[in-house]
Amino acid sequence: AIVGLSADPAKHGGKVLTSLRRFGFDGPVWGVNPKRPEVEGVDDVVASLTHLPEPPDAVVIAVPATRTPDVIATAGEIGAGSAILFGGGFAEAGDDGAALQSKVLGLAREHGLRLLGPNSAGMINPSAGIVLSFLTCLERPADQLRPGPVGLVTQSGGTGSFLHNLAAERGSGFALSISTGNEADVDAAEALRHLVDHPDVRAIALVLETVRDGPRFVAAARAALLAKKPIVVCKIGRSPVGQQVMRTHTGALAGSERAYDAAFDALGITVTSTPTELFDVAELMARTPVPAGDRVGVVTHSGGTAVLLADRATAAGLSLPQPSQRLRERLGPYLQHGASGNPTDLGGIITAPHRYVEVVRSFVDDPDYDVVVPVSTPHPSAHTPDRATALAALAHEVDKPLPNLWLAGDLGAEGLAILRASGAPVTTDIGSLVEAVRGLVRLGAMRRDHVTLPPPPDPAVLTELSAAHHAIGHHAADNSGLDEAESLRLVEAMGLPTVASEVVHDPTEAAQAADRLGYPVVLKAVSKDLPHKSDIGAVRLNLASPDELAAAWEELATTLAARAPTARLEGYLVERYVPGVEMLLGLVRDPTFGPVVLVGTGGTVAEAIDDVAVALPPLSTRTAAGLIDRLRGRSLLRGFRGTPPVDEPALADLLVRLSQIAVTYGDRIDELDLNPVIYAEGRWQVADALVHLRTSP
């Protein structure tokens, strides 16, 4: 039922009617308009939804925003299944629009009616002829709206229209596309989950501005992993606006965009930069099987392209193993001024063009390669049809991934068309090829990965958390932080190793504690008001004797009186001095995705150098090691300038444990900052910790 349908085919209602009929929908379509105009192509035009002969599955609402509540209420009363709201003037238009949107949603939920929109460009289901949209991409010939292997969810209607045009231009299409708009009800996560269950969808493309329901999005993406359907995203709106502000290092370093990237990485989602790249990569991943490993073989007949691909593949972390002697001997007869390396450069191949596909087959047959990339650069156009036909046949004949990179230009257009028409994976962009292969390799690794589930909550830790909440009270968010001593005690209860320390209140207690701990020691002020003690000089390091400790006590007292006179002082912390390589570990609650964990180069310069990697918990050992390997400061861990290397596997294990803490206790913790975590005496030890608890656990 199209509410607001008029005789004007240029209006939204008229465009929906035209599209339904042009693209083959043969079910009943009714118009709703009090004036009951004569409109060709509808079964009937009635004055009100209440006059329909039966409840419609979908109500398309093409009326001004102010009339929408009445339409929604009536649609719900007659038992309609859903409604699509094209129009604007809702939450995007300010407070009044937000109130109107809230009213519409309340009415829909009261009657069990599902909503798509407002500001939605509708949905397009080519195989069923269900085109409930007004997009200009629908102005093309009907036979160009084809179904394809990719499902599309977009929060931008115009971008969706462009992608449909791009797909049509390339002879492909979408199995289903959904424009979610303001997402008053149906959001991108729910649309994603629907595409996971859609039998014609082999990969999913998302144009994403924001995620409104993080847990639902994560659940849908994990369902896609289980269903072996790759997800590709073009994330737009990457600005600092709305980033989480925290008082300690972790919150400052784990901004909202980092949380999105961490979520995408944890869920095996491939990230692209533009809508065109999104479509390229999604099409490749839909048509290419997931490889058994990361070993890529490349066949080309252009030396420059070979070098460029080698550069891009290596930068993406892909492996390009050199051919074995066995494969070199097989390749030998085919080479013409080329080289049997990887990439293999065939040279001219002009006198024997069949050699190209035979060399590709040699790589496909070799067990040392998990993915084979045939690269077709400019070649005699007379050779194009046979080459493309043979490559298409080979792609469908073998189980090994065989994504084609077609760089032959307009003289090779016939071959590109042959490959696309056959459904073989092919792209004309090096970046898209590398991103797709990297994404497929990562999916394969994730499917083989083992993530240790966290143990159940420890009653002792729960007791510590409850006691901490009781001590600080729940009345003020600003009062939710523990001091360093309390934080270290909680961290230790959670099973993380800490540097030995004691809280003291006078110089005599400090000297006694130092005797028990053993010199040299560190002296720190303990105060919830001083999250960055080093900034005001409230820390003294490497105190090697009782005299140095006594002098440091006097210096700290003077410094605090001068630089932090209002700070509430709970005492001092005497801690063993254990110099070594310093790292930052932490967890922070992202407002969208919940707890995220991070690792970075630590110490007092952590925020200045901004060298961190962020992930969604829980982590596998492989993922934790991969996070560490991303850091620019990783060379400091590996024997920098003659220093002994640290135990990286132990650091990865510590990160895994932190990720388990994030899963188990994350609902009670807003932020946990461990900086520094020091490698000394052959082990990792937490030397400083700050914990901020949720004010309403």
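Placed above this text is the structure.
Treat the numbers as computed from the prediction; the structure is a model and nothing was measured.

Definitions and cut-offs
- Residues numbered from 1 in each chain as written.
- Predicted model: local features only at pLDDT ≥ 70, side-chain atom pairs only at ≥ 80, totals over all residues.
- Heavy atoms only, no water.
- Axes fitted to C-alpha atoms, helices over the stretch in contact; angles between N-to-C directions.
- Helix = DSSP H or I, 4+ residues; strand = E, 2+ residues; numbered from the N terminus.
- Parallel < 35°, antiparallel > 145°, perpendicular 65-115°, else oblique.
- Left-handed = near helix turned anticlockwise from the far one by under 90°.
- Contact = heavy atoms within 4.5 Å.
- Nonpolar A, V, L, I, M, F, W, Y, C, P; charged D, E, K, R; others polar.
- Buried < 20%, exposed > 50% of the residue type's maximum accessible area, 1.4 Å probe, protein only.
- Pairing = 2+ DSSP bridges.
- Salt bridge = Lys/Arg side-chain N within 4 Å of Asp/Glu carboxyl O.

Draft legend 1. How the structure looks around the packing of helix α9 (residues 275-287) against helix α15 (residues 430-448). It is the contact of α9 with α15, at a shortest axis distance of 9 Å, that shows an interaxial angle of 50°. Judged on the interaxial angle alone, α15 and α9 are oblique. Crossing handedness for the pair α9 and α15: right-handed. Only Gly431, Ser432, Leu433, Glu435, Ala436, Gly439, Leu440 and Leu443 of α15 make contact with α9, whose side of the interface consists of Glu277, Asp280, Val281, Leu284 and Met285. Along the lines of polarity and charge, the residues of the contact of α9 with α15 split into seven nonpolar, three polar and three charged.

Draft legend 2. Up close: the packing of helix α5 (residues 188-197) against helix α6 (residues 214-226). At a minimum axis separation of 8 Å, α5 and α6 run at an interaxial angle of 15°. Overall, the two elements α5 and α6 adopt an arrangement that is roughly parallel. Here α5 runs over α6; the crossing is left-handed. Residues Ala189, Glu190, Leu192, Arg193 and Val196 of α5 form the contact with α6, whose own contacting residues are Arg216, Phe217, Ala220, Ala221, Ala223 and Ala224.

Draft legend 3. Fine view of the pairing of strand β20 (residues 521-526). Burial analysis of β20 places six of its six residues in the buried class, the great majority of the element. Side-chain alternation along β20 places Val521, Leu523 and Ala525 on one buried face and Val522, Lys524 and Val526 on a second face that is also buried. Here β20 pairs with strand β21 (residues 539-543) via three bridges, running antiparallel. Residue pairing for β21: Leu523 is matched across the bridge by Arg540. Here β20 runs beside strand β22 (residues 571-576); their pairing, made up of six bridges, is antiparallel. Its bridge partner being in β22, Lys524 is matched across the sheet by Leu573.

Draft legend 4. Representation of the pattern of salt bridges in the model. By the definition in use, this model includes 32 salt bridges. Arg330 is the salt-bridge partner of Asp365, the closest N and O atoms lying 3.1 Å from each other. Taken together, the residues span a long stretch of sequence, with Asp365 in helix α12 (residues 355-365) and Arg330 in helix α11 (residues 325-331) at a distance of 35 residues. For Asp365, a relative accessible area of 43% corresponds to the partly exposed category. Look at the salt bridges and you will find they share partners, linking Glu484, Lys524, Lys533, Glu575 and Asp688 into a network.

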